[in-house]
Structure formats: C-alpha cells, structure tokens
Amino acid sequence: MRRVVVALGGNAILQPGQRGTFSEQFDNVKKASNEIIKLIDKGFKVVVTHGNGPQVGNILLQNEIAKKIVPPMPLFVCGAQSQGLIGIMLQQALREKLIENKIELSVATILTQVEVRDDDPAFKNPLKPIGPFYSEEEAREMIKQGVVMKEDAGRGWRRVVPSPDPIDIVEKHALKQLLSNNTLVIACGGGGIPVVKDPKGNYKGVEAVIDKDLAAEKLAESIDAELLIILTDVPKVAINYGKENQTDLGKVTAEEMRRYQREGHFKDGSMGPKVEAALRFVEYKKGTAVITALDKCEEALKGENGTVITS
Ligand SMILES: Nc1ncnc2c1ncn2[C@@H]1O[C@H](COP(=O)(O)OP(=O)(O)O)[C@@H](O)[C@H]1O
Ligand SMILES: NC(=O)OP(=O)(O)O
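As recorded in an unreviewed UniProt entry, the protein chain goes by the name Carbamate kinase, listed as coming from Koleobacter methoxysyntrophicus. What UniProt states about the protein chain under its Sequence similarities (unreviewed entry) heading is, verbatim, "Belongs to the carbamate kinase family." UniProt, in the comment section headed Pathway (unreviewed entry), describes the protein chain in these words: "Metabolic intermediate metabolism; carbamoyl phosphate degradation; CO(2) and NH(3) from carbamoyl phosphate: step 1/1."

Caption draft 1: How the structure looks around the site of ligand 2. Gly9, Gly10, Gly51, Asn52, Gly53, Gly190, Gly191, Val209, Asp211 and Lys212 make up every residue found near ligand 2. Partitioned by chemical class, the residues of the shell around ligand 2 number one nonpolar, seven polar and two charged.

Caption draft 2: Region of interest: the sheet that holds strand 11 (residues 203-205). An order of 8-4-10-11 is seen for the four strands of this open sheet, with the pairing classed as mixed. Single-partner strands in this sheet number two, and they are strand 8 (168-169) and strand 11. The pairing of strand 10 (residues 193-197) with strand 11 spans three bridges and is antiparallel. Across the sheet, residue valine 196 finds its bridge partner in strand 11, namely lysine 204. In the packing of helix 4 (residues 75-100) onto the sheet, the strands contacted are strand 10 and strand 11, and the crossing angle to strand 10 comes to about 130 degrees.

Caption draft 3: Here's a closer look at the site of ligand 1. Around ligand 1 sit 15 residues, and of these Gly9, Gly10, Thr232, Tyr241 and Ser270 come closest. Split into classes, the residues belonging to the shell around ligand 1 amount to six nonpolar, seven polar and two charged.

Caption draft 4: Spatial organisation of the sheet that holds strand 2 (residues 45-50). Strands sit in the order 3-9-2-1-12-16-17-15 across an open sheet of eight strands; the sheet is mixed. Whereas interior strands pair on both sides, the edge strands pair on one side only; in this sheet they are strand 3 (106-109) and strand 15 (251-253). On average, each strand axis in the sheet is tilted by 20 degrees relative to the strand beside it, whichever way the strands run. Pairing analysis gives two bridges linking strand 2 to strand 9 (residues 183-186), with the strands arranged parallel. Bridging from a neighbouring strand, valine 47 pairs with valine 185 of strand 9. Running over the sheet, helix 4 touches strand 2, strand 3 and strand 9 and is turned about 170 degrees from strand 3. Most of the contacts of helix 6 (residues 172-180) go to strand 9, to which it runs at about 150 degrees, and overall it touches strand 2, strand 3 and strand 9.

Caption draft 5: Spotlight on the nonpolar core. Counting residues in each nonpolar core, the largest one holds 79 residues, and the members touching the most others are Val6 and Leu228. Looking at this core, the element that brings in the most residues is helix 4, giving nine residues. Discounting chain neighbours no more than four positions away, the residues touching valine 6 are Ile36, Leu39, Val46, Val48, Ile229 and Leu231.

Caption draft 6: Summary view of helix 3 (residues 53-65). Taking 1.5 Å per residue as the helical rise, helix 3 with its 13 residues ought to reach 18 Å, and the 18 Å between its terminal C-alpha atoms agrees with that figure. Every buried residue of helix 3 is accounted for by Gly53, Pro54, Gln55, Val56, Gly57, Asn58, Ile59 and Leu60. For helix 3, the secondary structure elements touched by its buried residues are helix 1 (10-13), helix 4, strand 5 (128-134) and strand 7 (157-161).

Caption draft 7: Fine view of the packing of helix 7 (residues 212-222) against helix 9 (residues 271-285). One way to put it is that helix 7 packs onto helix 9 with a least axis distance of 8 Å and a crossing angle of 20 degrees. The angle between helix 7 and helix 9 falls in the class roughly parallel. By crossing handedness, the relation of helix 7 to helix 9 is classed as right-handed. Contacts from Asp213, Leu214, Ala216, Glu217, Ala220 and Glu221 in helix 7 reach Pro273, Lys274, Glu276, Ala277, Arg280, Phe281, Tyr284 and Lys285 in helix 9. Tallied by class, the residues present in the contact of helix 7 with helix 9 amount to seven nonpolar, no polar and seven charged.

Definitions and limits used
Residues numbered from 1 in each chain as written. Chains lettered and ligands numbered in written order. Predicted model: local features only at pLDDT ≥ 70, side-chain atom pairs only at ≥ 80, totals over all residues. UniProt positions renumbered as here; feature names shortened; annotations may be inferred. Near = placed C-beta within 6 Å. Nonpolar A, V, L, I, M, F, W, Y, C, P; charged D, E, K, R; others polar. Pairing = 2+ DSSP bridges. Helix = DSSP H or I, 4+ residues; strand = E, 2+ residues; numbered from the N terminus. Contact = placed C-beta atoms within 7 Å. Axes fitted to C-alpha atoms, helices over the stretch in contact; angles between N-to-C directions. Core = buried A, V, L, I, M, F, W, Y, C linked by C-beta atoms within 7 Å. Buried ≥ 20, exposed ≤ 12 C-beta atoms within 10 Å, placed from the backbone. Expected span 1.5 Å × (residues − 1). Parallel < 35°, antiparallel > 145°, perpendicular 65-115°, else oblique. Left-handed = near helix turned anticlockwise from the far one by under 90°.

Shown next as structure tokens:
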C-alpha cells in the first residue's frame, strides 16, 4: 500500500482572525479530517502530522501569565502538551469520519520526540514564530521586557523561538509497527518534541519548536513514504509571490525549484520551509512532494491543481 505523510498547516487548525476556542479548532480539524479520509479511501496508508505554532505559543503564554500560582513548564513540555491537544481533536474527528465511511482503522497519536543537534546554529538565532500576533507597538513593549519578537511574513509581530533542524524521529520504530497494524497514525505534531541525545543514549528536551514541514519530511523518510503532501491555505506555490508578475507553479522538477529557491522566491517562516521540506524529500528519497490547499488535495492528486515536485 502506498505510504503518504500528510502535513496539516497551522491554518488548517486555527485560522487567522479566530481566537482559538476549542470549538473553533475542533470544527477546523473536522474539515481537515474529511480530506484525510478521502486519501485513505483512495488506498493510501496515511500518517498525519500537523503544525502547533499558534497552540504552543498560547500554552507558553498561559504558563507565563499564571506563573505566580502554577509553576511554568519548559517549552518542550508545552510542545508535548500541544501534541496532546491537537492529537485528541484529530483522533476523535478522524474516528467519526472513519465510522461514517465504514473504514475499519484504529487511530492513535504518538507522543513523538525528534532529535536535533545541541550545537545547531538555530539556538543562537531564534526564527520560529509562535503564538498570537501583536501590533508593532505591543511588540516593542515586549522586546523591552526581554521577549524576542519578529515581524512574521507581513502578517504582524510574533514571538520567535529557536527552530533547529530535525535529524531523527525517536519513536520511528513504534510508529512503523502501528502503521503495519491497521492504524492511522498521528505523529511528530508541531515538528515533534525537540530533544538532544547524550552519550549514554538518553534524550533531554530542549527549548525550541521544530518546523513541522521539515519534521514531516524526516517522518516521510523514516516510514519509506512515496508521497509527502503539505496542506496549507494556498492552492499553489508561486514565484514573484504578491507581485504583479506572480506566477503559480504546477508541475516542477526539484532542479527548477532549487533555482527559484536560490533566487529568493520563498519566504522564511511561511513558504520557505515547505519548499525546503519538499525538495529534501524529492532529492534524498526520490519521492513526490505536493504543496497545495487543504480543499485542493484531491485535485492535486489528479494532477489538476497544486504544486507537484518530482525529481
Ligand atoms: N512564494 C509563495 N507562494 C505562495 N504562498 C506564499 C509564498 N510566499 C509566502 N506565501 C505565504 O505562505 C502562506 C503559507 O505559509 P504558512 O502560513 O506558514 O502556512 P501553514 O500555517 O499552513 O503551514 C500562504 O498563506 C502565503 O501567504
Ligand atoms: N511547528 C510548526 O512548524 O508549527 P506551525 O506550522 O503551526 O508554524
């Protein structure tokens, strides 16, 4: 059976302008689950992963606001909490759709650790935006209080944290076993819980949030997937994005895409990591990578939409 990793963008769970109530997020997750079920119906063996930028930032904020009463937890624990938060919504929504469609599969979320290097340069250069958006004025005030803030791809200011490169999926053997045992697996949520390995082989959590698209690529490599689908809120990747001469990309080779990347068409913190993840998967694994909008996934698989990158 063809293995596929589906990466759900933050927008698929918490849309801009929403406060992020449980029912808002659960409704969004239900819509995303519909699309995932269509893939299963087509005969794919699916592993789902998802972003956590808004959620992990909100959990961190809750910890900080309540710190006089409740001891705050480290950021990697907030990441683990976000895997549980989104995992339970996905488990329930997917199960509902599986029952509706009379598909017999178990659903399980794996609390997944992802190894990073402790000397990754990202620890000295925080770039990963998390949590809510702030105005420039609010951001300047927070910077004075020691919070690292950056402007996020023209959408407002956000807190930023280190985002080291994922090098290995710690629970990969467990998730392969579940996959072979009729289970729809949700793994590496929020890029995985970032850990470093000590000389004895023990893992220790680190203060970071891994990019979920880059982790999705590692996940796809680990389970021998032949397809990586990155679902976001635009149907296609574009060159000259937002300019008069914007051109959407349909079928492209990895070579062409690397050239556009070198020319600076894909922004850090938004389309940049998606394109890099897609390219790594196509170049190292010789698989196919698709970047498209959640509701265009079916069309993209028929070759009628989306950006499809092949070697
Ligand atoms: N070259 C590009 N082509 C298409 N979209 C782009 C490009 N550069 C930046 N974007 C922006 O990237 C956004 C998707 O990235 P992001 O919001 O981080 O996704 P998600 O939260 O779904 O993972 C799109 O909404 C679009 O505004
Ligand atoms: N961890 C992560 O990349 O989350 P988002 O996709 O929500 O930013």
